[in-house]
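Structural overview
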Amino acid sequence: MGLASYEIVGDAGEWRVSHDGKAENVYQTKEAAFEAAVAAASLALRQGHEVRVTAPGRTTATVTENAG
């Protein structure tokens with residue numbers, strides 16, 4: 001079986017789960033998108049796929065300023 005990769009993308013009230021180049025459903029929170037991704041990943045895992053779920057952390061001005 002192949003890799004099933006789920007990536008949480010978006011910002012402020014418009015989060016999506018990107019899978020196979022598609023990000024169709026919209027979620028109001030990052031957490032809701034994450035829960036949907038994990039449910040899909042669980043099914044893929046049961047089917048024998050390797051699974052990867054990624055989600056962005058919180059970005060703050062302090063983190064951005066210290067990045068350079």
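Since the structure is predicted, the reported quantities are computational estimates derived from the model, not experimental observations.

This brings us to the confidence of the model for the chain. With 87% of its residues at a pLDDT of 70 or more, the chain shows a mean pLDDT of 89. Of the regions scoring below 50 in pLDDT, residues 60–64 engages in one contact with residues more than four places distant in sequence or in other chains.

To continue, consider a nonpolar patch on the surface. There is a patch of nonpolar side chains on the surface, built from F34, V38 and V53 and spanning about 210 Å² of accessible area. Note on V38: relative accessible area 36%, which makes it partly exposed.

Time to look at the nonpolar core. Core analysis: the largest hydrophobic core is formed by 10 residues, namely A4, Y6, I8, W15, V17, Y27, A33, A37, A41 and A44. For this core, the secondary structure elements donating two or more residues are strand 1 (3–11), strand 2 (14–18) and helix 1 (30–46). In terms of residues, this core owes the most to one element, helix 1, which gives four residues. With near-sequence residues (within four places) excluded, A4 lies in contact with H19, A44, H49, E50, V51 and R52.

How each quantity is defined
- Residues numbered from 1 in each chain as written.
- Predicted model: local features only at pLDDT ≥ 70, side-chain atom pairs only at ≥ 80, totals over all residues.
- Heavy atoms only, no water.
- pLDDT = per-residue confidence, 0-100.
- Contact = heavy atoms within 4.5 Å.
- Patch = residues over 30% accessible without salt bridge, like charges linked within 9 Å, V, L, I, M, F, W, Y side chains within 5 Å.
- Areas by Shrake-Rupley, 256 points an atom, 1.4 Å probe, with all protein chains shown as cover.
- Salt bridge = Lys/Arg side-chain N within 4 Å of Asp/Glu carboxyl O.
- Buried < 20%, exposed > 50% of the residue type's maximum accessible area, 1.4 Å probe, protein only.
- Core = buried A, V, L, I, M, F, W, Y, C linked by side-chain atoms within 4.5 Å.
- Helix = DSSP H or I, 4+ residues; strand = E, 2+ residues; numbered from the N terminus.

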